[in-house]
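Breakdown of the fold
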Amino acid sequence: SGEVAALSLSNNEATLNTTATFAQSTDAVQVMFGTVAAGKVEARIIDAQGRVVEATSFAASTGMRREWSTQQLSAGVYTLTMHMNGVNVFTRKFIK
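Heads up: these notes are all about the structure in this document. Chains are numbered independently. Their residues run from 1 in the order of the written sequence. Reporting in this predicted model follows two pLDDT cut-offs: at least 70 for local features of residues, and 80 or more for side-chain atom pairs to be given and counted; totals over whole chains, interfaces and linings ignore these cut-offs and use all residues. Just so you know, side-chain values use all the structure's heavy atoms and leave hydrogens and water out.

Structural notes on the packing of aromatic side chains
Filter applied, for reference: To pair, rings of Phe, Tyr and Trp, with the six-membered ring standing in for Trp, must have centres within 6.5 Å; the planes then decide the type, stacked if under 30 degrees apart, edge-to-face if over 60, and tilted in the middle. Secondary structure follows DSSP: runs of H or I at least 4 residues long count as helices, runs of E at least 2 residues long count as strands, and numbering of each begins at the N terminus. For the exposure calls, accessible area comes from a 1.4 Å probe over protein chains only, and a residue counts as buried if that area is under 20% of its type's maximum, exposed if over 50%, partly exposed in between.
Across all of its chains, the model carries five aromatic pairs by this definition. With centroids separated by 6.3 Å and ring planes inclined at 55°, the aromatic side chains of Phe58 and Trp68 adopt a geometry described as tilted. Highlighted residues: Phe58 in strand S5 (residues 52-60) and Trp68 in strand S6 (residues 65-69), separated in sequence by 10 residues. By the burial criterion, Phe58 is buried, and Trp68 matches it. Each residue in the set Phe22, Tyr78, Phe90 and Phe94 is aromatic and connected to the rest through ring pairs, giving one cluster.

Next up, the structure:
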């Protein structure tokens, strides 16, 4: 089932208002953006040892759905992080 993370973050350059819903299935994790400021998102899946096992970047938009396959991952705990304009806008741990 999904969980909603609503964040209002600010840095020296801009204020980012982002809402996103996280969902996990057997073979994937998914994020649905409710509200997002325009910009490029840098997403990473990090394993329990701190190694980046997947890194992608994409242009985010309101209502966008982004999915990452977890089929290739070994059993364990992972963290999905997303940064926009150098600011962390989403972090979620999940178990594969």
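Quick look at the pattern of salt bridges
Defined as follows: What counts as a salt bridge is simple: a side-chain nitrogen of Lys or Arg found within 4 Å of a carboxyl oxygen of Asp or Glu.
Applying the stated criterion to the full structure yields two salt bridges. With a shortest N-O distance of 3.3 Å, Glu42 and Lys40 are connected by a salt bridge. Taking the relative accessible area as the measure of exposure, Glu42 reaches 30% and is therefore partly exposed. Residue Lys40 is classed as partly exposed on the basis of its relative accessible area, which comes to 47%. Notably, a salt bridge pairs Arg51 with Asp47, separated by 2.8 Å at the nearest N-O pair. What makes Arg51 exposed here is its relative accessible area of 51%.

Brief notes about the side chain of Asp47
Heads up, the rule is: Here a polar contact means two N or O atoms within 3.5 Å. Within protein one must be a hydrogen donor candidate and the other an acceptor candidate, and residues neighboring in sequence count only if both atoms are side-chain atoms.
Tracing the backbone shows Asp47 in strand S4 (residues 39-47). Within the structure, the side chain of Asp47 is placed 3.0 Å from the backbone nitrogen of Gln49, a separation counted as a polar contact. A polar side-chain atom of Asp47 sits 2.8 Å from a polar atom in the side chain of Arg51.

Examining the nonpolar core
Generally speaking, a soluble globular protein has its nonpolar side chains buried in company with each other. The test is simple: Here, the term nonpolar core denotes a set of buried Ala, Val, Leu, Ile, Met, Phe, Trp, Tyr and Cys residues that are joined through side-chain atoms within 4.5 Å.
In terms of nonpolar packing, the biggest core is built from 21 residues, with Val31, Phe58, Trp68 and Met82 touching the most fellow members. For this core, the elements supplying multiple residues, two or more each, are strand S2 (15-24), strand S3 (28-35), S4, S5, strand S7 (77-84) and strand S8 (87-95). In terms of residue count, the dominant contributor to this core is S7 (four residues).

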